[in-house]
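# Chain and residue survey
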Amino acid sequence: MIKYLVYILLVAMVVTSCKKDLHSSVFDQSADQRLNKVLADYQSILVAAPYGWVAKVVPNPEQNNNVYAFWFKFNDSNRVVSRWQNQPSLSSSYRLKALQQPELIFDTYTYLHLLADPEQKVPGAQLGTGLKSDFELEIISGSADSFVLKGKYNGSDITMSRAAAKDTSGAIVLPGYLLAGNYKSTSVRTGYKTTQAAGIIANTWKFDDVKAANPLKFAGTVSIDYSDLGGSGWQYNIFVKDNTTKDVTITINAVMQSQIKEGSFKILDQSYDPASGRIYIKTFYTNSAGADRVNEEILLRQ
Amino acid sequence: MKYLKSFISLVIIACVVIACNKKETLDTNITGLGGDSWIQSPIDKWLYDSMIKPYNIEMKYKWDQSEFDKSLILVPPTENTVIPVTQDIISIWITPYNKTSGDSTFMKINTPKQIMLSGSIALQSNGNAVAGLAEGGLKILLFGINSYSRKDSGRVADMAHLIHHEYTHILNQKKNYPIAFNKVTPDGYTGNWSALPPEDNSWTRGFVTNYARKEPGEDIAELVSTMLVMGRARYDYTLYHPFPEYPDSLNNPTGISLLRAKEKIVVDYFRDAYNLDFYSLQTAVQQQIYNVLHR
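Quantities reported herein were computed from a predicted structural model and do not represent experimental measurements.

## Notes on the domain arrangement of chain B
Residue and element names in this part refer to chain B.
- The assigned domain composition of chain B is domain 1 (39-148) and domain 2 (175-295).
- Computed over C-alpha atoms, the centres of domain 1 and domain 2 are 24 Å apart.
- The interface is formed by 14 residues belonging to domain 1 together with 15 residues belonging to domain 2.
- Roughly 1,200 Å² of surface becomes buried between domain 1 and domain 2 when both sides are summed, with 66% attributable to carbon and sulfur atoms.
- Between the two partners, domain 1 and domain 2, sit one salt bridge.
- In this structure, Asp88 and Arg295 form a salt bridge, with 2.9 Å as the shortest nitrogen-oxygen distance.
- Counting across the interface, domain 1 meets domain 2 through six residue pairs in polar contact (both at pLDDT 80 or more).
- If you list the elements that add at least two residues to the side of domain 1 that touches domain 2, you get α3 (79-101) and α4 (105-110).
- With 10 residues, α3 is the largest single contributor of residues to the side of domain 1 that touches domain 2.
- The residue inventory of the side of domain 1 that touches domain 2, partitioned by class, reads five nonpolar, seven polar and two charged.

## Notes on the sheet that holds strand β11 (residues 201-215) of chain A
All names here are of chain A.
- With antiparallel pairing, eight strands are arranged side by side in an open sheet as β14-β13-β12-β11-β10-β17-β16-β15. In the strand order of this sheet, the two ends are held by β14 (248-252) and β15 (266-273), each with one partner. Geometrically, the sheet is characterised by an average inter-axis angle of 20 degrees between neighbouring strands, direction not taken into account.

## Quick look at the packing of helix α5 (residues 153-174) of chain B against helix α8 (residues 253-274) of chain B
Residues and elements named next belong to chain B.
- At a minimum axis separation of 12 Å, α5 and α8 run at an interaxial angle of 55 degrees. Between α5 and α8, the crossing angle belongs to the class labelled oblique. Between α5 and α8 the crossing geometry is left-handed. Where α5 approaches α8, its residues Leu171, Asn172 and Lys174 are matched on the opposing element by Tyr269, Phe270 and Tyr274.
- Partitioning the contact of α5 with α8 into residue classes produces four nonpolar, one polar and one charged.

## Concerning the interface of chain A and chain B
- Contact with chain A, which involves 38 residues of that partner, is made by 30 residues of chain B.
- Both sides together, the interface formed by chain A and chain B hides about 2,800 Å², and carbon and sulfur atoms give 64% of it.
- Remark: the boundary between chain A and chain B carries one salt bridge.
- Where Arg79 of chain A meets Glu79 of chain B, a salt bridge forms, and the shortest distance between an N and an O atom there is 2.7 Å.
- Only α1 (2-17), α2 (31-48), β4 (90-93), β5 (95-98) and α3 (111-116) of chain A provide two or more residues apiece to the side of chain A that touches chain B.
- The element that contributes the greatest number of residues to the side of chain A that touches chain B is α1 of chain A, accounting for seven residues.

## Here we look at the sheet that holds strand β6 (residues 139-142) of chain B
Residues and elements named next belong to chain B.
- Sheet architecture is open: four strands sit in the order β1-β2-β6-β5, paired in mixed fashion. The open sheet terminates on both sides in strands that have one partner only, identified here as β1 (58-60) and β5 (132-135). In this sheet, neighbouring strand axes are inclined to one another by 15 degrees on average, regardless of whether the strands run parallel or antiparallel.
- Note: β1 against strand β2 (residues 114-117), three bridges, orientation parallel. Within β2, the position partnered with Glu58 by the bridge is Gln114.

Cut-offs and rules
Residue positions within a chain follow its written sequence, with the count starting from 1. Chain letters start at A and ligand numbers start at 1, both assigned in the order the entries are written. Only residues with pLDDT of at least 70 are given local features in this predicted model, and only at 80 or more are side-chain atom pairs given and counted; all residues enter the totals for whole chains, interfaces and linings. Hydrogens and water molecules were not included; the side-chain quantities draw on all heavy atoms of the structure. These domain boundaries are the output of an automatic or database domain assignment. Contacts are residue-level and defined by heavy atoms, with any inter-residue pair within 4.5 Å sufficient. Accessible-area loss on putting two parts together, using a 1.4 Å probe and summing over both, is the definition of buried area adopted here. Every case where a carboxyl oxygen of Asp or Glu lies within 4 Å of a side-chain nitrogen of Lys or Arg is listed as a salt bridge. For this analysis, a polar contact is any N or O atom pair within 3.5 Å, provided that within protein one partner can donate a hydrogen and the other can accept it, and provided that sequence-adjacent residues contribute only side-chain to side-chain pairs. Counting from the N terminus, the helices are the DSSP runs of H or I reaching at least four residues and the strands are the DSSP runs of E reaching at least two. Under this grouping Gly is polar, as are all residues other than the nonpolar Ala, Val, Leu, Ile, Met, Phe, Trp, Tyr, Cys and Pro and the charged Asp, Glu, Lys and Arg. Only when DSSP finds a minimum of two bridges between them are two strands counted as paired. Every angle, taken between N-to-C directions, lies between 0 and 180 degrees, and every axis is a line fitted to C-alpha atoms, over only the stretch in contact when it is a helix. Any angle that is under 35 degrees is reported as roughly parallel, and any over 145 degrees as roughly antiparallel; angles of 65 to 115 degrees are reported as roughly perpendicular and all others as oblique. Here a crossing is called left-handed whenever its near helix is offset anticlockwise from the far helix by less than a right angle, and right-handed whenever the offset is clockwise.

Take a look at the structure:
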């Protein structure tokens, strides 16, 4: 009996020992080959945009609300042309690389690196850390119209959207920020001696100049200096949903909030005309010394 | 029958043995082997002809975080600084050694195999900025090249000091310097080197810079690079007149004799370990710094 068992075992071994497809993968290609294909596909999408890409960069998004706009045009030989603010276009290199994730790396210096430069190249940058921005970017997703990227070391949020012909020169316009741009501002700020109800005006401040409304990381929201106090870092944050609405949402930024009497800010009146780009704001707050302030401001789109 | 059984058993055993004797072809193309690749630019071609072909030195300028300490916050170099910096490094570092040793053989053998460039300076958490690092005899890291200018004599001297300092480490890592060097000023080394009061004059204690007081390895690198970049005449003058505002430091016999003792060890080390005449090297470096500034 034992003998037969041994024979059966041996025959079974002979039959099964040659089963070769144990090693074959469920995929046609190896992981590396598939990864390279993903990179090649991303590259061809990047290159295919005829007018390049408009990039919205939010450095250090956990502590920062500001947004920086760039324009990039990639070619198929690892070169990228960058535009930023009113600087001349600049050519540098990029490459796509598979690390933990597929990555887009701006591997020689261009405008994007100004934000990350530890030698303080932009306002607000700290010596040694810059704005905590990124130029080594993980590709979260990518399609013919948009890329979602995440900074590898500082978690910067970067989205790139396919640009149109008008984006290849002039101001770089981020999509989705209808209010962004320059405004002619006329404002009168009234300082009451004590309360507005008491009615004794101690001083008035007039401001008449051009201000920029800059995109913030919150979709559709821009920041613009509060009356004549932009130098103190005081700003309105203004949000508009779309081009058909006449309602804007106005709040104040954290700097202003922390320097006035808590919870005293309120909007007395506001209106927005999408056709002419005229914003009217009348707001109120009580300062830390208990005196009331009213600001009436007209912003006219340039 | 008995034989038949044995025969069948043998055949089956043979089958088992042979069945797994599968020949594998080991010519699989391993994806990604050979490192990063990109379309070669004119800069890459220039670097290949000027550094890789003659000296097998890879001048790496494209961003690669893995080359740096991850705690450092850096940015890559601006492309248009790469070639000028490399040209000047060749002039103030490689050319003098070639001239002194007779031909390029010495540098072909003894150069580090990689120089990694960073655009920005490397600020450390203690506030000190590191200008360069040398690792394991094979690699030099240079920081802050985006602000380099060959028209600025201070920057050229700093770059010369840096590359000769780091290269001294590389030479020391290949052949150790005499242990006697450590015993010239054994009490002068301090972890507090970066916060010494101005009246604690390093020259009068046998050191050319405060950084030299960190440890003997940095001491010899600072001494070699200072002597090469200053040149013999200016070095000798400085030795006797280190700090005019501190009368004690003028013709300070202790400092002079300690530094002369170190100088002798350095000169002997270059001769014995590498068969190089240090004073000829000093002259050649001076000529080349002049050439770079008048390029």
